[in-house]
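Each chain, letter by letter, is given below.
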Amino acid sequence: MKTSLVTTPFATSPQRCIAWFVFAVLLLCAAASGQRTDVNYDEAKVGKYTLPDPLVLQNGERVRDAAAWNKHRRPEILKLFESNVYGRSPGRSKGITFEQFDLDKRALDGKAIRKQVTVYFTGKKKDGPKMDILLYLPAAARKPVPVFLVPSFSGNYRIHSDPGIKLGEEWPRDKKMKVPGDESKRGTNTYFQVEKVLAGGYGLAVIYYCDIEPDFVGGIQFGVRPLFYQPGQTAPAADEWGAIGAWAWGLSRALDYLETDKDVDARRVVLMGHSRLGKTALWAGAQDARFAVVIANGSGEGGAALSRRTYGETVKHLNTNFPHWFCGNYKQFSDHVDELPVDQHMLLALIAPRPVYLGCAEQDQWADPRGEFLSAVAAGPVYRLLGKQGLDTDQMPPQHQPIMHTIGFHYRAGKHEVTTYDWDQFLLFAEKHLGDR
Ligand code: GCU
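Residues numbered from 1 in each chain as written. Predicted model: local features only at pLDDT ≥ 70, side-chain atom pairs only at ≥ 80, totals over all residues. Heavy atoms only, no water.

Asks: Provide a residue-level description of the overall build of the protein chain, including the pertinent values.
Replies: Tallying secondary structure elements over the protein chain gives ten helices and ten strands in all. At 23 Å, the protein chain has a C-alpha radius of gyration in line with the 22 Å of a compact globule built from 437 residues. In terms of principal-axis extent, the alpha carbons of the protein chain reach across some 85 × 55 × 50 Å. Relative to its 437 residues, the protein chain shows a buried fraction of 55%. Restricting to contacts in the protein chain with at least 6 residues of sequence separation, those with at least 24 account for 68%. Counting only carbon and sulfur atoms, one obtains 54% of the accessible surface of the protein chain, whose full area is about 19400 Å². Looking at charge distribution, the protein chain has the averaged site of its 54 positive side-chain charges lying 2 Å from that of its 49 negative ones. (Helix = DSSP H or I, 4+ residues; strand = E, 2+ residues; numbered from the N terminus. Rg over C-alpha atoms; globule rule 2.2 N^0.38 Å. Buried < 20%, exposed > 50% of the residue type's maximum accessible area, 1.4 Å probe, protein only. Contact = heavy atoms within 4.5 Å. Areas by Shrake-Rupley, 256 points an atom, 1.4 Å probe, with all protein chains shown as cover. Lys, Arg positive; Asp, Glu negative; His and termini not counted. Charge placed at Lys NZ, Arg CZ, Asp CG, Glu CD.)

Structural data, given as structure tokens:
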């Protein structure tokens, strides 16, 4: 029998044909604007959820004072995040070496001292993964300065046009291999505002996150995680660290270096990360109490945003699109987020009583700014228990009206990036909590 298009439902119903056409156009528009179709952006469809109480132990006992928080609940929550979300990381391994290979006391037209240091994760052998730290310090400083430590998405040489920055190698995600730095890209990463940070009296330390582990499935073989395998082990166990855990571990190693630098006040290191590196900053700050202040910009799902809110990116999206970021056990929660024994407000609570700040943007609904705000609200009781000030409101502030208590938050116009406005708030927040010491 001869079949023809005329026998399909498309052709038999012109209305249906039009409907399909409109649907296809909408899909194409959504794709072109970067919007996804399997995502909820309707507040009315978020649904009901109950957050785990950060101040109730798993055995049901209420945490009534700082001692019980520090001795029982904090370690319990940390362990839950290790086992279920980011995976367990090793501590500092012996034998890591730091080698300073650059010093310019008159960098940036005399405004800065520039140092560059290589961290050899395999110590004296030097043949394993290594990370370069780029450090600028205000030239005028007469005593050790507080420093912003910021992981970068691109090689350090892109954060400023300074020709003295080493043209390090990079790992483009699409190529999945190491390529030489590209001189024409020097200074093109606008997320960094070196002069602004220096003028505020702070130093700026930058690392390229792919020096710790390149960011793609399979990148693990080029990074630090295999250095910790047990004999015969070929992959991390389901409760061992994912790539975010590795990047967070690397940030702690950068802090180890800063502690050895006499020009740095290592008790005043502000850790700031954006997006996946905002997730990383929060996890690093939660584990390593030496970070004095933690700032996460647009950290979204798996960062500051509540996982139980079905809005924007979800745990399932994370596990599907970035299976290497989190630990194996996290996959169990893709369709059962309500069964997670933690939610992300408890990650913020792990940073207490230290100051934590969240930057969010209106056009970054994928990261669920309201979910980040509500997470900060829900971390408040822990801060209050420790004698600090949470956000003290459950009303999301309007745009450009930052809250700067021990928990800080802003919502600004614009998209998913790090802007001058963000840096202005980060510096104010840091100054409020670390200044005049
Ligand atoms: C993706 C991802 C986010 C992440 C972001 C980034 O959008 O879904 O979770 O924060 O990339 O790191 O740029």
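Next, the rest of the story.
Asks: Provide a residue-level description of the site of the ligand, including the pertinent values.
Replies: As a structural note, the neighbourhood of the ligand is formed by Ser275, Arg276, Lys279, Glu313, Leu318, Phe322, Trp325, Trp366 and His416. One of the side-chain nitrogen or oxygen atoms of Ser275 is found 2.7 Å away from an oxygen atom of the ligand. When the ligand sits alone it has 320 Å² of accessible area, and the protein chains cover 80% of it. Partitioned by chemical class, the residues of the shell around the ligand number four nonpolar, two polar and three charged. (Near = heavy atom within 4 Å. Polar contact = N/O pair within 3.5 Å; in protein donor to acceptor, adjacent residues only side chain to side chain. Nonpolar A, V, L, I, M, F, W, Y, C, P; charged D, E, K, R; others polar.)

Asks: Give me the packing of helix α5 (residues 243-260) against helix α6 (residues 276-287): which residues, what numbers.
Replies: Running from amino to carboxyl end, α5 crosses α6 at an angle of 60 degrees, the nearest separation of the two axes being 8 Å. On the basis of the axis angle, α5 is oblique to α6. Read as a crossing pair, α5 and α6 show a hand that is right-handed. Where α5 approaches α6, its residues Ile244, Gly245, Trp247, Ala248 and Leu251 are matched on the opposing element by Leu277, Lys279, Thr280, Trp283, Ala284 and Gln287. Classifying every residue of the contact of α5 with α6 gives seven nonpolar, three polar and one charged. (Axes fitted to C-alpha atoms, helices over the stretch in contact; angles between N-to-C directions. Parallel < 35°, antiparallel > 145°, perpendicular 65-115°, else oblique. Left-handed = near helix turned anticlockwise from the far one by under 90°.)

Asks: So what about the sheet that holds strand β5 (residues 203-208)? Which residues, and what values?
Replies: Sheet architecture is open: ten strands sit in the order β1-β2-β3-β5-β4-β6-β7-β8-β10-β9, paired in mixed fashion. Every other strand in the sheet has two partners, leaving β1 (97-107) and β9 (403-404) as the edge strands with one partner each. Inspection of the sheet shows strand β4 (residues 145-152) paired to strand β6 (residues 264-274) by four bridges, in the parallel sense. Within β6, the position partnered with Val145 by the bridge is Val264. Sitting on the sheet, helix α9 (residues 369-385) touches β8 (356-361) and β10 (407-412), and the angle it makes with β10 is about 165 degrees. (Pairing = 2+ DSSP bridges.)

Asks: Give me the lowdown on helix α3 (residues 66-86), citing residues and values where you can.
Replies: Here α3 contains 21 residues, and its C-alpha end-to-end distance of 26 Å is more than 12% below the 30 Å for a straight helix at 1.5 Å per residue. At the exit of α3 stands Gly87, carrying a positive phi of roughly 85 degrees. (Expected span 1.5 Å × (residues − 1).)

Asks: An account of the environment of Thr234 is needed here, citing residue identities and associated values.
Replies: Secondary-structure assignment places Thr234 in the loop between β5 and α5. Linking Thr234 and Gln221, residues 13 residues apart in sequence, is a C-alpha distance of 9.7 Å.

Asks: Account for the pairing of β8, with residues named and values stated.
Replies: Two faces, one strand: in a regular strand the side chains alternate between the faces of the sheet. With respect to burial, β8 is a largely interior element, six of its six residues being buried. Side chains Val356, Leu358 and Cys360 of β8 all project onto a buried face; the interleaved residues Tyr357, Gly359 and Ala361 project onto the opposite face, where all are buried too. Two elements, strand β7 (residues 293-297) and β8, share four bridges in a ladder whose sense is parallel. Residue pairing across strands places Asn297 opposite Gly359, the latter belonging to β8. Pairing geometry for β8 and β10, over six bridges, is parallel. In the strand pairing of β10, Gly359 is matched with His410.

Asks: Run through unusual backbone geometry, naming residues and quoting values.
Replies: Of the consecutive residues Ala352 and Pro353, the connecting peptide bond is found in the cis state with omega at 5 degrees. Positionally, Pro353 belongs in the loop between α8 (345-351) and β8. One non-glycine residue, Lys176, lies in positive phi territory at about 60 degrees. The backbone phi angle of Ser275 is positive, close to 65 degrees, even though this residue is not glycine. Structurally, Ser275 can be placed in the loop between β6 and α6.

Asks: Quick rundown of the packing of aromatic side chains? Include the residues and the values.
Replies: According to the stated counting rule, one finds 24 aromatic pairs in the structure shown. Taking the centre distance of 6.3 Å and the plane angle of 75 degrees together, the rings of Tyr208 and Tyr209 count as edge-to-face. The exposure class assigned to Tyr209 is buried, which follows from its relative accessible area of 1%. Among the aromatic side chains, those forming a connected cluster through ring pairs are Phe148, Tyr202, Tyr357, Trp423, Phe426 and Phe429. Just above the ring of Tyr120 sits the side chain of Lys126; from NZ or CZ to the centre is 5.1 Å. (Phe/Tyr/Trp six-rings, centres within 6.5 Å; stacked < 30°, edge-to-face > 60°. Lys NZ or Arg CZ within 6 Å of the ring centre and 35° of its normal.)

Asks: Summarise the packing of α3 against α6; cite the residues concerned and give the values.
Replies: Running from amino to carboxyl end, α3 crosses α6 at an angle of 140 degrees, the nearest separation of the two axes being 11 Å. You can see that α3 and α6 cross each other, and the crossing is left-handed. Here α3 contributes Arg74, Leu78, Phe81, Glu82 and Tyr86 to the contact with α6, which in turn contributes Trp283, Ala286 and Gln287. Counted by class, the contact of α3 with α6 contains five nonpolar, one polar and two charged residues.

Asks: Which residues make up the environment of Pro151, and what values do they have?
Replies: Structurally, Pro151 can be placed in strand β4. Looking at Pro151, the relative accessible area reads 6%, which means it is buried. Separated by 194 residues in sequence, Pro151 and His345 place their C-alpha atoms 23 Å apart. Beyond its immediate sequence surroundings of up to four residues, Pro151 is in contact with Phe192, Ile207, Leu251, Met272, Gly273 and Leu277.

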